[in-house]
Each structure stands twice: as structure tokens, then as C-alpha cells.
Amino acid sequence: MDYHMNHLQELESESIFIMREVAAKFENPVLMFSGGKDSILMVHLAYKAFYPAKVPFTLLHIDTGHNFDETIRFRDELVQKTGAKLIVGSVDEAIKSGLVTEETGINASRNGLQTAVLLDELEKGKFDAALGGARRDEEKARAKERIFSHRDDFGQWDPKNQRPELWNLFNAKHKMGEHFRVFPISNWTELDVWQYIAMENVDLPSLYFAHERAVFERDGTLLADSVHIPKKPGEEVFMEMVRCRTIGDVTCTGVWRSNASTVEDIIDEIATTRMTERGGRTDDKRSETSMEDRKKQGYF
Amino acid sequence: MADFQSSELLRFTTAGSVDDGKSTLIGRLLYDSKSIYQDQMEAVEKASARRGEEGVNLALLTDGLRSEREQGITIDVAYRYFSTPKRKFIIADTPGHIQYTRNMVTGASTANVALVIIDARTGVVEQTKRHAIIASLLQIPHLVVCINKMDLVDYAEETYDKIQHDFEKFAAKLDVKDVHFIPMSALLGDNVVNRSENMKWYQGQTLIHYLENVHIASDQNFIDVRFPVQYVIRPYNDEFHDYRGYAGRVAGGTLKVGDDVTLLPTGFKSKIKSIQGPAGEQKEAFPPQSVTILLEDDLDLSRGDMIVRPNNQPDVTQDVDLMICWFSSDKKLQVRGKYNLLHTTQDMRCVIKEIRYKLDINSLHRIEDDKEIGLNDIARITIRTTKPLFADAYRTNRNTGSVIIVDEGTNSTVAVGMII
Ligand SMILES: Nc1nc2c(ncn2[C@@H]2O[C@H](COP(=O)(O)OP(=O)(O)OP(=O)(O)O)[C@@H](O)[C@H]2O)c(=O)[nH]1
Ligand SMILES: [Mg+2]
């Protein structure tokens, strides 16, 4: 027998190992579920890691209220299929209760508000670990983060003072009130995710595949036409074949011109594209270090 | 799709002193291998211009933190990913500054290849040596010494020869087997992806050619069976009523259905009934696969225990000798001090019995009369643990030979240790 693993099997094995470490080392872990392909992949890996037992993580969705309708539908179906417990932290309610204040103006987004709601949910649920589907190839601040990433009792990340992380010996020790963010798919690239989805036949929302949609252009990015985004004068809505490369809040998720309608098409498209996946995320473009700044405050 | 199913993963790290050009080299490697996306490049061009730099600063492709960009140095490891038709690469670009040595060790711990970058103007300096020692302690199988900034020394062969000679002289005293040398200019791209027009005297490989072709014999041990139990899977449902699966990652050897096994620490014997992998039942398991093992007998086994073969067992011991690198800037290593120790899936306490010696970074001499171990010191120590470890020497098995030491008060990781 040839004792060889290809890179997808090696990544899969690493991610499963990390998820089992979380289950073993924490009292009350939660899996942050956004409805995007990376969190769907996370649920898929968690299912494998604990089969035939149930996934020992609660799912937590921070809902901005500005979703693509399909995201919520898909989320609820997945929850039903896996029998997982779902908690929804609602930005809408946080605005109503005064926990956060809605941004105003043409580029208003609820992206930043998610942080306060997320931290509030983690505190309420007394969660000591939050699993996230962030990947290091997504963004330059994420490229710097540990797999087991410590958060102080304000939920803050201190990028200048991260714990050393050697081999697979993860130091998860923390004091009351502190927590960890854990990123089991840190080392996967966008292409790895799609190749794995192809290999495993993972079901995804149809938003990821080319479809015709009403869109408009802002600052060189195509955005989906939605009641949640007020348009500036001169911004014309038109129909286009597009797909999402990431799914977040409608207000900041760019859509891409694409004819890729199958997983195989998407793999070909990604292999030749000249733009990163988050290139269409207006939340990352607010400043040079916008992801780092948000992460320091406790963002995903 | 057959092509990606067979592609191999190579993990490499940068090493070497501050400002010798590590991040620039990684930027150059990514740029010249066409692995940079257009929007990333535009962002880096803008950031360079904002800083008033002449050209595009390729180091900004990895130096992504605000303080790194302000100070112009790398503070923590950046992980980058790229692939060529031959291989898939995971890069750890680490800091050279002595203050952040622990972050260099973080990036290096999982590497198959280390690129040791040396500024041709200054040659081998103390920090180059420290990183080379760490690479050898971590048993990184291949070192590539990149003699960089050749553009600043007129591409002179003599300069290259002298540095190569100096490094070889030093490395002869280290435990490194495979060392390669490449003269280059990371800034201008000589011998990174493209062959240098300025150094016709160099006939060897370019860096990318080396990385694509270096033979990486697996750094896993396929002989000595070691399966640390990570998590016990109990479904508690009717369908899988008596199911009791031992989940873990194979740390050594190959396990087969039907094999006789011994359980540590109890010494009980059993047989492997079945092996469950991510894709279903499998007949065998090997490192670093994550699997679930079911045994013929209903025995008590929990996290931290180990499944081994009856005739091939690790040392079961509470007294352990370690080579350590100390990471804490505010506390020294305390003899008789108590710490937490993490080893495989075990978590226990230990006491420091003795500091045998400290290593002189420059001469590699053992210093036996100064036993004060502070930040970045490398030392040999003896510890005693509260429970037995199931341990192998680091050189025979990285997975069962490595530990980290954690401060019980602050919870910070204060040292990394390799079992001797
Ligand atoms: N002339 C010349 N300059 C170079 C070369 N490589 C790097 N530099 C310059 O050296 C300086 C330091 O480069 P970095 O890549 O940031 O060095 P580093 O090794 O990553 O530094 P740390 O990560 O902080 O340890 C920058 O100004 C680079 O432009 C080279 O081949 N030739
Ligand atoms: Mg650097």
C-alpha cells in the first residue's frame, strides 16, 4: 500500500483534528455559521469528525437582517438535516434595543454592527470557543492569525502579542470571561475548498452558481439590487449573468460576472481568475487595515 | 480532475536576520510565479506610493499588519499559499527580529524546508546562527541558504563563496544534512524564479526549481505505531447503542484491522475491530490521518491514553530530558518551578529538576556556569512530570517527541521542547 495523502486529504485530516481538539478542550464551543460556503464546509467537516455521534457544537448565526433570501432558507434546511441547535443573533433587534446604532448614508453597512452582536451572544451563551471558517488566504490580517486565537475578556484580538503555536500542540488555556476563536480551515485556499466540494459533492446555495440577476455598479464593483441598498443618482440597475464568490451581507457582497454554472466550471474559473475572492467586499476596502481593525474589536 | 488529486504539499519557512530580505523574497517568489491577484497588487502599489517608496514594495504582500507597515519589519508569521503545476506550497514568512524569535519558531515548526536568507553585505550574523540552530533542533530536513542582495555587492562570486564557506563551517557543528546555496537578489528577482543574467558564474538551480523538485521524504514515522486518543465518540442513540470509537490522528506507524494492540497506561491488550476514516471504513491508517478506531474489547480508554503495538512501545516515563527554546520576555526559567506541559493529547504538570547547560549561539559551546535561561535562550533541561508521558525522542518521531511548556499563572506558552 502506498501511504500517501493528497493535499485535500491532508487538509481534511488537519481540520478534523482541530475540531476534535476543540470538543475536547472547551466546555461550551459554538460554530459561527454565516451561510457561506466556508461555514457549510465547516459543518460538513464537523459531521465527519464526530460521526456517528452528533456534532457537539451549537451553530451561531449573526443575522444582519440584510440577507440574500436564499441564505436563510439554506441555513434552516441544513439545521434540519443535521439536527444541530441554532442560535440567531439579530442585528435588527440589537438596533431596536439600543445595543448598537445603525450607520447612515449611502454606503451604510451593518457589517461592523455584527461584532457587538456576536460578542453579546458569546457572552450570553457563555461560549468559551467560537469556531470560524476564516481562511488565511482571504486577507492579509487573516494570514497572520493563529489557528487557536486568544481573545481577552472584551473579545479583542492582540495581533502584536499572539501565543506561539507549535506543531499541533494547541494551547487553549484561558481565564474566565476570555475565549478562543478557532479556525480549522485556516490552511485551505479558495481553490481547495471548491476542489473538496467537488470531491465530496457538498450541497451549496445556488447563489454561488451563475444566474441572471438585477445588479448595479458602484466603485467598480457589481452589487445586487436590493431594498437594503439605496442607490445614488445615476446608478442604473441592469440584468447580468453573475454569481457570488463569497456570501455575506447583501450591502457589502459584490457579485461577479460569470457563466460558471457547475462546480467544475467554478474550479476552472478560480484557477484562472486575476481577482481575489474578497476583491468585491466593500467592507474590506474601507481602509488599508480595515480587517485588522475590525478583528481587534472582536469581528469574525 | 485527476491532477489535483495527486498533488503534493510542501511547507516551507523563511529564516534569517532582520532586514535581510525574507519578506521581499516571498513577495518576489509570488510575483514572478504569477501568484498575485490584480487587486492585491493594486493595493500593494497604493500602499507603497503612500509610503513614498520608489518602486513597489513586495514585502507588503506579507507584512499585512498595521504595526508591521509602520515599522517596516515583520512581527508575526504570515502564511501564504501558492501552487505550480508540480506542487502546492504553504509558506510561512517569519520575522527576523530577535524579539520575535518565538514567532519564527511557530512558522518553522511544521516546515519541510527552511530558506535561510543572508544579506550578502553583512554575511552570517548571530541571528542567522540562532535561526539555523532552531531549524536543526526542529529537524527541518532541508535548508536553502539564500545569499541575498547580490546586487549590492556587484554580484561578486567571491562574496558568495566566502559566505557559503562561513555558513558551512558553522553548520558542520549542527545536525543538518541537506544544505543548498543560491546567490540571489530578491529585490530584482535574480535566481528566484528567473535565472540571473548578472551571475553567469552560478550554474545551480533557481529557488523555484529547487522548491518544485526537492525530494521530500515524508517527515512522518511509518514504523512505530503511536495513536494518542484524542476524543471518545459515544453516539448515545439506538442505532449505535454500544458504539465506542477512539478518535485521533495517527502519530506514527500503520494500524490495520485485526492488529493486536496494547493500551497505555493500563497495559491492557485488545485487537482493532475496525477503522473509520473521513470517507468511511478503511482497512489501514497511517500518519497523519485522522481516524476513529474501534476495539474488539470493551475497555476503559480516554483522552491522553495511547494505542500502541505490544512489541513496540514508547518510553513510559516521568523523567524527561529536553532541548528547549525559552520564549518569555518577562520571566526566566525557574529551577524547581512548576509549569503545565502539553504533549500529544496529554495535559499535565511538571517541575523543572535541572538546567544542564545553555547553548552559546555563536560558538555552539555548552555553557555550564551560567544557567540563567531568559528570552530566546536555548538550553538542555531535565523535568519530572506528574503523570507518565508516552514519549519518543524527537528525532525518531516529531509527534510524540515534542512538548510545549505553559506558565500556570498567565497561560502563555513560555517554551518549546524537543525530547532527547
Ligand atoms: N538592494 C536590495 N535590497 C533588498 C533585497 N532584498 C530585500 N531588500 C531590501 O531590504 C529591506 C528589508 O527587506 P525585508 O524583505 O522587509 O526584510 P525581512 O528579512 O523580511 O525583515 P524582517 O522580516 O523584519 O526580519 C527592504 O528595504 C528591501 O527592499 C535585494 O535583493 N537587494
Ligand atoms: Mg519580513
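Just so it is clear, the model here is predicted, and its values are computed rather than measured.

When helices and strands are counted, chain A shows 8 helices and 10 strands. Here the C-alpha atoms of chain A give a radius of gyration of 19 Å, agreeing with the 19 Å that 2.2 N^0.38 yields for 300 residues. By principal-axis analysis of the C-alpha atoms, chain A measures approximately 55 × 55 × 40 Å. In chain A, which comprises 300 residues, the proportion classed as buried is 63%. Contacts in chain A between residues far apart in sequence, at least 24 positions, make up 71% of those at least 6 positions apart.

Once that is clear, we can look at the nonpolar core. Counting 81 residues, the largest nonpolar core has Phe12, Leu115 and Leu211 of chain B as the members making the most contacts within it. Counting residues per element, this core draws most heavily on strand β4 (residues 113-119) of chain B, which supplies 6 residues. In this view, leucine 115 of chain B contacts Phe12, Thr13, Thr14, Ala15, Leu25, Val144, Cys146, Leu207 and Leu211 of chain B; residues no more than four positions away in its chain are not counted. Membership of the second largest hydrophobic core comes to 65 residues, among which are Phe180, Val193, Ile197 and Leu222 of chain A.

Each pocket or cavity is described by its volume, and for the second largest pocket that value is around 1,000 Å³. Taken together, 46 residues form the lining of the second largest pocket, with Glu10 of chain A together with Arg11, Asp219, Gln220 and Pro288 of chain B sitting closest to its centre. For the lining of the second largest pocket, the secondary-structure elements that each account for two or more residues are α1 (7-25) of chain A together with β1 (8-15), β3 (87-93) and α5 (101-108) of chain B. When residues of the lining of the second largest pocket are assigned to their parent elements, the largest contribution, 4 residues, is made by β1 of chain B.

Okay, the environment of aspartate 192 of chain A next. Inspection of the secondary structure puts aspartate 192 of chain A in helix α6 (residues 190-200). Along the sequence, aspartate 192 of chain A and leucine 11 of chain A sit 181 residues apart, while their C-alpha atoms lie 8.7 Å from each other. Beyond its immediate stretch of four places on either side in the chain, aspartate 192 of chain A contacts His7, Leu8, Leu11 and Asn187 of chain A together with Lys88 of chain B.

Moving on to the coordination of the magnesium ion (ligand 2). Residue and element names in this part refer to chain B. At 2.0 Å from the magnesium ion (ligand 2) lie its protein donor atoms, namely Ser23 (OG) and Thr74 (OG1). Note that serine 23 is positioned in helix α2 (residues 22-32) and threonine 74 in the loop between α4 (66-71) and β2 (78-83), a separation of 51 residues in sequence. Looking at serine 23, the relative accessible area reads 7%, which means it is buried. With a relative accessible area of 9%, threonine 74 lands in the buried category.

What follows concerns α2 of chain B. Structural remark: α-helix, 3.6 residues per turn; residues separated by three or four positions point the same way. Residues and elements named next belong to chain B. Taken across its 11 residues, α2 has 10 buried, putting it largely inside the fold. Restricting attention to buried positions, one finds in α2 the residues Lys22, Ser23, Thr24, Leu25, Ile26, Gly27, Arg28, Leu29, Leu30 and Asp32. Residues of α2 that are buried make contact with β1, β2, β3, β4, β5 (142-148) and α8 (207-213). Taken from the residues just after α2, lysine 34 is the one with a positive phi, measuring 60 degrees.

Our focus in this paragraph is unusual backbone geometry. Phi is mostly negative for residues that are not glycine, and the peptide bonds are mostly trans. Tyrosine 51 of chain A connects to proline 52 of chain A through a cis peptide bond whose omega is 0 degrees. Mapped onto the secondary structure, proline 52 of chain A falls in the loop between α2 (37-50) and β2 (58-63). Phi at tyrosine 155 of chain B is positive, roughly 55 degrees, even though this residue is not glycine. Tracing the chain through its elements places tyrosine 155 of chain B in the loop between β5 and α7 (157-171). The backbone phi angle of asparagine 191 of chain B is positive, close to 65 degrees, even though this residue is not glycine. Within the secondary structure, asparagine 191 of chain B sits in the loop between β6 (178-183) and α8.

When the domains of chain B are assigned, the result is domain 1 (2-213), domain 2 (227-308) and domain 3 (315-419). Each of domain 1 of chain B and domain 2 of chain B has a C-alpha centre, and the two are 41 Å apart.

For the rest of this paragraph, the subject is the pattern of salt bridges. Tallying each qualifying case throughout the model produces 49 salt bridges over all chains. For the salt bridge of aspartate 120 of chain A with lysine 124 of chain A, the shortest nitrogen-to-oxygen distance reads 3.8 Å. Of this pair, aspartate 120 of chain A and lysine 124 of chain A both sit in helix α5 (residues 113-124), 4 residues apart, which is roughly one turn of the helix. Assessed through its relative accessible area of 28%, aspartate 120 of chain A is described here as partly exposed. Notably, a salt bridge pairs aspartate 175 of chain B with lysine 177 of chain B, separated by 3.7 Å at the nearest N-O pair. Judged by relative accessible area, lysine 177 of chain B falls into the exposed class, the value being 66%.

With that settled, consider helix α3 (residues 38-50) of chain B. Residues and elements named next belong to chain B. Counted at 1.5 Å a residue, the expected span for α3 with its 13 residues is 18 Å, and the 18 Å between its end C-alpha atoms agrees. Buried within α3 are the following residues: Asp39, Gln40, Met41, Val44, Ala47 and Ser48. At its buried positions, α3 is contacted by α2, α4 and β2. One or two positions beyond α3, positive phi appears at glycine 52, with a value near 70 degrees.

All right, on to the side chain of arginine 181 of chain A then. Residue and element names in this part refer to chain A. Residue placement: arginine 181 occurs in strand β6 (residues 179-182). Look at arginine 181: it is buried, it has no salt bridge, and the nearest opposite charge is glutamate 145 at 6.7 Å. Here the side chain of arginine 181 touches tyrosine 299 through a polar contact of 2.9 Å, landing on its backbone oxygen. When sequence neighbours within four positions are dropped, the list of residues in contact with arginine 181 reads Met32, Leu118, Leu119, Leu122, Ala130, Ile147, Phe148, Ser149, Arg151, Gly298, Tyr299 and Phe300.

All names here are of chain A. Spatial ordering of the open sheet is given by β3-β2-β1-β4-β6-β5, a layout of 6 strands whose pairing is mixed. The sheet terminates laterally at β3 (86-90) and β5 (148-151), the two strands that pair on one side only. Within this sheet the neighbouring strands show an average axis-to-axis angle of 30 degrees, counted without direction. Relative to β3, β2 runs parallel, the two being bridged by 5 bridges. Along β3, the bridge assignment pairs leucine 59 with leucine 86. Running over the sheet, α5 touches β1 (29-32), β2, β3, β4 (129-131) and β6 and is turned about 150 degrees from β2.

The subject of this paragraph is the sheet that holds β3 of chain B. Within a sheet, each strand pairs with its neighbour through backbone hydrogen bonds, oriented either parallel or antiparallel. All names here are of chain B. The sheet built from 6 strands is open, its strands ordered β2-β3-β1-β4-β5-β6 with mixed pairing. At either end of the open sheet lies a strand with only one pairing partner, and these are β2 and β6. On average, each strand axis in the sheet is inclined to that of its neighbour by 25 degrees, with strand direction left out of account.

Calculation rules
Residues numbered from 1 in each chain as written. Chains lettered and ligands numbered in written order. Predicted model: local features only at pLDDT ≥ 70, side-chain atom pairs only at ≥ 80, totals over all residues. Heavy atoms only, no water. Helix = DSSP H or I, 4+ residues; strand = E, 2+ residues; numbered from the N terminus. Rg over C-alpha atoms; globule rule 2.2 N^0.38 Å. Buried < 20%, exposed > 50% of the residue type's maximum accessible area, 1.4 Å probe, protein only. Contact = heavy atoms within 4.5 Å. Core = buried A, V, L, I, M, F, W, Y, C linked by side-chain atoms within 4.5 Å. 1 Å grid on protein atoms, 1.4 Å probe; cavity = no way out; pocket = protein on both sides within 12 Å on 5 of 7 lines; lining within 4 Å. Points joined across faces, edges and corners; volume = space filled by probe spheres on them. Donors = N, O, S within 2.8 Å, 3.2 Å for Na, K, Ca; no water. Domains from an automatic or database assignment. Salt bridge = Lys/Arg side-chain N within 4 Å of Asp/Glu carboxyl O. Expected span 1.5 Å × (residues − 1). Lys, Arg positive; Asp, Glu negative; His and termini not counted. Polar contact = N/O pair within 3.5 Å; in protein donor to acceptor, adjacent residues only side chain to side chain. Pairing = 2+ DSSP bridges. Axes fitted to C-alpha atoms, helices over the stretch in contact; angles between N-to-C directions.

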